[in-house]
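Understanding the architecture of this molecule
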Amino acid sequence: MNALVEQHVNSRHLDALESEAIHILREVAAECSNPALLFSGGKDSVVLLRLAEKAFRPGKFPFPLVHIDTGHNFPEVIEFRDRRVAELGERLIVGSVEDSIKKGTVRLRNPATDSRNAAQAVTLLETIAEHGFDACIGGARRDEEKARAKERIFSFRDEFGQWDPKAQRPELWDLYNTRVHPGENMRVFPISNWTELDVWQYIARENLALPSIYFAHQRQVIPRNGLLVPLTDLTPAREGETVETQVVRFRTVGDISCTCPVSSDAADVGAIIAETAVTQITERGATRMDDQTSEASMEKRKKQGYF
């Protein structure tokens, strides 16, 4: 396949994915009374923002943006989040895990250093209840992890915010059942059928800006259990471990305490696309310490209200 034909095929593929996602976003706006779009500053939520622009501009988004902030995020990502929201002129609601800790609804052995990733589920449910959201739009994709692959596009959550993979609604012919009773809600995943490679190709096509840590840079890391743990105050070296300076990038961004970079010299989107096309390890499998505790760790967290 020559380059022009390949580019045309890729463009048609991205057009189809984009069209489906825009249809889903408009379905949320039409059928749900009080939705929200989850925006962390990560690449998948950056793509969601562009899709929302295409679905609803030149008008305002028919929903606020919501970020569940652990307080242990990479500063580059938070700076990018705030700048992007200001550029769009949209409303951002921040749910704080730190506030949940102060209220006593989240309890950690050491709030200053323990991972707050799983605790986001509590803060998310509190934020949903406080604002009465009946749908939260997220950037999860089925290729990320086994539990993600079980999700419907409109994923039903009961009155306790819990997800039961055995009690999801059928989705045939792009027909979605959005009916919920008071207290129940939906998580909606417009890019569920996208892959990591699709996301990067769309970022390239749309020329989307991203936090700088997605691209190759030098960082001090600690080789640990097959991962490269970033050296920070939250993730110090343990006794007997060595600290190395390597050229790395992040495939996904999240809580500092559980998110690792990968060794890479991909300094631009084109290089990342080439690298992603041949990788054999999922982004969460390569970068998330909390997903290595067991094969069921993500599913357990999702049942408790996680994204």
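Tallied over the entire structure, the rule returns 21 salt bridges. Across the pair E18 and K54 runs a salt bridge, and its minimum N-O distance is 2.7 Å. Residue E18 is located in helix α1 (residues 3–31), and its partner K54 is located in helix α2 (residues 43–56); the two are separated by 36 residues in the primary sequence. A residue is classified by how much of its surface remains accessible, and E18, at 11% relative accessible area, is buried. What makes K54 partly exposed here is its relative accessible area of 34%. A salt bridge links R249 to E275, with the nearest nitrogen and oxygen atoms 2.8 Å apart. In this pair, R249 is assigned in strand β9 (residues 244–249) and E275 in helix α7 (residues 269–278), connecting sequence segments 26 residues apart. Take R249: its relative accessible area is 2%, and that puts it in the buried class. What makes E275 partly exposed here is its relative accessible area of 25%.

For the rest of this paragraph, the subject is a nonpolar patch on the surface. Together, L172, W173 and L175 line one region of the surface with nonpolar side chains, adding up to about 410 Å² of accessible area. Within the secondary structure layout, L172 lies in the loop between β5 (154–157) and β6 (185–188). Owing to a relative accessible area of 48%, L172 belongs among the partly exposed residues under this scheme.

Attention shifts here to helix α3 (residues 75–88). The end-to-end C-alpha separation of α3 is 20 Å, in line with the 20 Å expected for 14 residues at 1.5 Å each. The set of residues buried in α3 consists of V77, I78, F80, R81, R84, V85 and L88. Buried residues in α3, looked at end-on, bunch into an arc of 160 degrees, giving them a common side. Residues of α3 that are exposed and point more than 90 degrees away from the buried face comprise P75, A86 and E87. On its buried face, α3 is in contact with α2, β2 (65–69) and β3 (92–96). Positioned one or two residues after α3, G89 has a phi angle of 70 degrees, which is positive.

Reading the values: rules and limits
Residues numbered from 1 in each chain as written. Predicted model: local features only at pLDDT ≥ 70, side-chain atom pairs only at ≥ 80, totals over all residues. Heavy atoms only, no water. Salt bridge = Lys/Arg side-chain N within 4 Å of Asp/Glu carboxyl O. Helix = DSSP H or I, 4+ residues; strand = E, 2+ residues; numbered from the N terminus. Buried < 20%, exposed > 50% of the residue type's maximum accessible area, 1.4 Å probe, protein only. Patch = residues over 30% accessible without salt bridge, like charges linked within 9 Å, V, L, I, M, F, W, Y side chains within 5 Å. Areas by Shrake-Rupley, 256 points an atom, 1.4 Å probe, with all protein chains shown as cover. Expected span 1.5 Å × (residues − 1). Arc of directions from axis to C-beta. Contact = heavy atoms within 4.5 Å.

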